[in-house]
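Structure assessment
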Amino acid sequence: MRTLPFVVAPALLTALLLGCGGSTPAAMAPTEPEPPRGAAAQPMQPEFDAPKSEGGASTAAREKTEEAAPGASLAAPADAAPAPPSPAPLAPPPAAAPALQSARADAASKPEARVAKAGAAPAPKKAPASAQVAAARSAAPPAPPAAVAVPAPEPQGSESYRDYGVNPVEDPAKDRLSTFAIDVDTASYAIARRKILEGSLPPYQAVRAEEFLNYFDYGYASPATGPFAVHLAAAPSPFTVGHHLVRVAVQGKRVPARERTPVHLVYLVDTSGSMQAPDRIELAKKSLRLLTESLKPGDTVALCTYAGSVREVLAPTGVESKGKIFAAIADLTAGGSTAMASGIDLAYGLAERTLVKGHINRVVVLSDGDANVGPTSHDEILKTIKRAKDKGITLSTVGFGQGNYKDLMMEQLANQGDGNYAYIDSEAQARRVFSEQVGGMLQVIARDVKIQVEFDPSFVKSYRLIGYENRDVADRDFRNDRVDAGEIGAGHSVTAIYDVELKASALKGDGAAPVVVRLRHKAPLGADRAEETMFRMAAGAVAPTFDAAPADFRFASAVAGFSEILRRSPHARSWRLSDVERIARAAASSKGDQQEFIGIVRRAGALAGGRTDAVVAQAAD
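Residues numbered from 1 in each chain as written. Predicted model: local features only at pLDDT ≥ 70, side-chain atom pairs only at ≥ 80, totals over all residues. Heavy atoms only, no water.

**Notes on helix α9 (residues 322–330)**
Let me state the cut-off plainly: Only protein chains enter the accessibility calculation, which uses a 1.4 Å probe; a residue whose area is less than 20% of its type maximum is buried, one above 50% is exposed, and one in between is partly exposed. Only runs of H or I of at least four residues qualify as helices and only runs of E of at least two qualify as strands under DSSP, and these elements are numbered from the N terminus. To be clear, the arc concerns the directions from the helix axis to the C-beta atoms. In what follows, residue pairs with any heavy atoms lying within 4.5 Å of each other are defined as contacts.
Here α9 has its buried residues at I325, A328 and I329. Down the axis, α9 shows its buried residues gathered within 100° of arc, on one side only. Counted as exposed and oriented over 90 degrees from the buried face of α9: G323 and K324. In this structure, the buried side of α9 is in contact with β4 (263–270), α8 (278–293), β5 (300–306) and β6 (310–318).

Spelled out as structure tokens, the structure:
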């Protein structure tokens, strides 16, 4: 797949970090998409078997469709009968398009502001700066006298997400390799779940398919030796006749808590005014108590905060003094503006005090991502993160709140810091992240993990990777050990789903394997030279029918289908939420998160088809 490494958009992160910079904070404007990486976008083709021209312009194609008839790209096919609340239609009709933020409305009315993965439209023209200043001066009323000793109000801007587009359909005769960095973030699914449970569909820009897939534990078998086991499977697609779904699953080895290496954590907590709500600062404090309870003798904790200024609350302290750590956490309160850049500097300074080669050294940022004060440029912050990462200090982010939540900020900080990104909206979710699955954060088993999937054109007619659009790695960089990738923690599992067309020879099981997977990774400690392993798909891995496929495969297929529908993928125009619910119900295990998923899909279907007026009214409030 012809792709480039992940790049942070400079203008984007500058706007998020610096905010308005003046004496009166202004609401943050919607961020511009990343500049184009390739040739101009091609028109979207109506069929799946069209090669690269389809997905490459998927974002532009979605916008073009909505421009002609808003929401039409989400509606059921024109020849379909009107759908009752159950089974639900594919996705919301025009009236139910998510309107949760002003930025979404602006984007819908300005197609030129949306950029396809392979092309761009011209940016809107701006008035000369002098004219803007003159107009502002003439229109602005005299400022009232400033109150004494009262902090400036925290700006409540719109939520910030980024549309990474949708991967294109590839012809393996022209490009047989699909290469990407492995990622174990889960925040996107948690954000979407919260919005659905509270009565609205998530903005399609907020849906990242890989984070939906990687949210769930499918019970993959652990490796007998080495850090990874790879599980390959395929079956006819339940969504598109003539297609197959291919699953590539990577399971990291599980490490018992008593065997893990010591960890040194720095909690960096956003205590600005935007964190005052109970589902923010109080939930962050409960999360930190759970995380601290998961630690063992030999581990250390430091705590610092940032608001209008930064503060060292607790110097590095051994977990044997839990009472002291809990008291520092309990003392946290929110108020003031947000100096995130200075807080990151302080956190890294604390981390360096306990930096031990061979141990886990990590900064954990807890925030809603809304940064509005800070003299440091985004480039300098990214250099700070990279320097710390090179020393062995990683950074993870944990998001809280909604309304002014900055998903893009939190995601990109974790990406640059070689850490994970989670979102907490309840005590149950906090227990999941910081108690039940905390081993993946506290024990790294591999660094700079890349995966390359090769499709044999003798057996495969076309393929498309569902998700991982912002984890693309150029094929030529797979063996370039200087190119950064993601890290894998103990017990982490990674799932990727491909939508493919197989040739008859593959279905008969003739000859070589249709799919070959290569993994490349560096050891958690030691040399920077990576190791590479290869896995071939066996002929028997292709199930004759979808129902004959393993239950974990079928449940992952339902999750992938749900994400495709919610993010308005042009490849999922005929897919239906009722089918997703049926597949999930038949395949789900007794695990609580899988059972909850069935209810979330059902509720999304009701929001899409049965209660659209209520959804729109709530979104407009």
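Let us keep going from here.
**Some details on the nonpolar core**
Heads up, the condition is: By nonpolar core we mean a set of buried residues, namely Ala, Val, Leu, Ile, Met, Phe, Trp, Tyr and Cys, connected to one another through side-chain atoms within 4.5 Å.
Formed by 46 residues in total, the largest nonpolar core has its most connected members in F555, F562 and F597. Of all the secondary structure elements, the ones that give two or more residues to this core are α6 (187–197), α7 (209–213), β2 (228–236), β3 (244–252), α16 (551–566), α17 (577–587) and α18 (592–609). At 9 residues, the largest contribution of residues to this core is made by α16.

**Quick look at α18**
To keep things clear, this is the line we draw: Expected span of a helix, by definition, is 1.5 Å for each gap between consecutive residues, and there is one gap fewer than residues.
Across its 18 residues, α18 extends 26 Å between first and last C-alpha, which sits within 8% of the 26 Å expected from 1.5 Å per residue. D593, Q594, F597, I598, I600, V601, A604, G605, A606, L607 and A608 are the residues of α18 that are buried.

**Details of the side chain of D185**
Cut-off, in case you're wondering: Contacts described as polar in this section are N or O atom pairs within 3.5 Å, which, within protein, must combine one atom able to donate a hydrogen with one able to accept it, while residues neighboring in sequence count only if both atoms come from side chains.
Take D185: it is sitting in the loop between β1 (177–181) and α6. Polar contacts involving the side chain of D185 include one to the main-chain amide nitrogen of Y421, which spans 2.9 Å. For D185, the side chain forms a polar contact with the side chain of R471, separated by 3.2 Å. Among all residues touching D185, those that are not within four sequence positions of it are E211, N214, N415, G419, N420, Y421 and R471.

**Overview of the sheet that holds β5**
Hydrogen bonds between backbone groups are what pair the strands of a sheet, and the pairing can be parallel or antiparallel. Inclusion rule: What makes two strands pair is DSSP finding at least two bridges between them. For helices, the fitted line uses only the C-alpha atoms of the stretch in contact; every axis is such a line through C-alpha atoms, and the angle between N-to-C directions lies from 0 to 180 degrees.
In spatial order, the strands read β6-β5-β4-β7-β8-β9; together these 6 strands make up an open sheet with mixed pairing. Either end of the sheet is taken by a strand with one partner, and the two such strands are β6 and β9 (421–423). The sheet shows a mean angle of 15° between the axes of neighbouring strands, taken without regard to direction. Where strand β8 (residues 393–399) and β9 come together, 3 bridges link them in parallel fashion. Within β9, the residue paired with V398 across the bridge is A422. Helix-sheet contacts for α9 involve β4, β5 and β6, and the interaxial angle to β6 is about 165°. Against the sheet, helix α12 (residues 407–416) makes contact with β7 (360–367), β8 and β9, and its axis sits at roughly 160° relative to β8, the strand it touches most.

**Side note on the packing of α17 against α18**
As a reminder of what qualifies: The cut-offs work like this: below 35 degrees is roughly parallel, past 145 is roughly antiparallel, 65 to 115 is roughly perpendicular, and the gaps in between are oblique. Two helices cross in a left-handed way if the nearer one is turned anticlockwise from the farther one by less than a right angle. They cross in a right-handed way if the turn is clockwise. Under the scheme applied, nonpolar residues are Ala, Val, Leu, Ile, Met, Phe, Trp, Tyr, Cys and Pro; charged residues are Asp, Glu, Lys and Arg; polar residues are all the others, including Gly.
The interhelical angle for the contact between α17 and α18, taken along N-to-C directions, is 165°, at an axis separation of 9 Å. In terms of axis orientation, α17 runs roughly antiparallel to α18. At the point where α17 passes α18, the crossing takes the left-handed sense. For the pair α17 and α18, contact is made by L577, V580, E581, A584, R585 and A587 and by Q594, F597, I598, V601, R602, A604, G605 and A608, respectively. Here the residues of the contact of α17 with α18 are counted per class, giving 9 nonpolar, 2 polar and 3 charged.

**As for the environment of A506**
Mapped onto the fold, A506 is located in helix α15 (residues 504–508). For A506, a relative accessible area of 6% gives the class buried. The residues contacting A506, other than those within four sequence positions of it, are F459 and P514.

**Notes on the environment of L314**
Tracing the chain through its elements places L314 in strand β6. Taking relative accessible area as the criterion, L314 reaches 5% and is therefore assigned buried. Sequence-wise, L314 and C304 are 10 residues apart; in three dimensions their C-alpha atoms are separated by 6.6 Å. Not counting residues within four places of it along the chain, the set of residues in contact with L314 comprises V301, A302, L303, K324, I325 and A328.

**Considering the sheet that holds strand β11 (residues 460–466)**
Read from one edge of the open sheet, 4 strands run β2-β3-β13-β11, paired in antiparallel fashion. Single-partner strands in this sheet number two, and they are β2 and β11. Here the average twist between neighbouring strands, direction ignored, is 25°. Taken together, the 9 bridges between β2 and β3 define a ladder with antiparallel strand orientation. Pairing of A229 across the sheet is with Q251, part of β3. Taken strand by strand, α16 contacts β2, β3, β11 and β13 (493–502), and its axis lies near 110° from that of β3.

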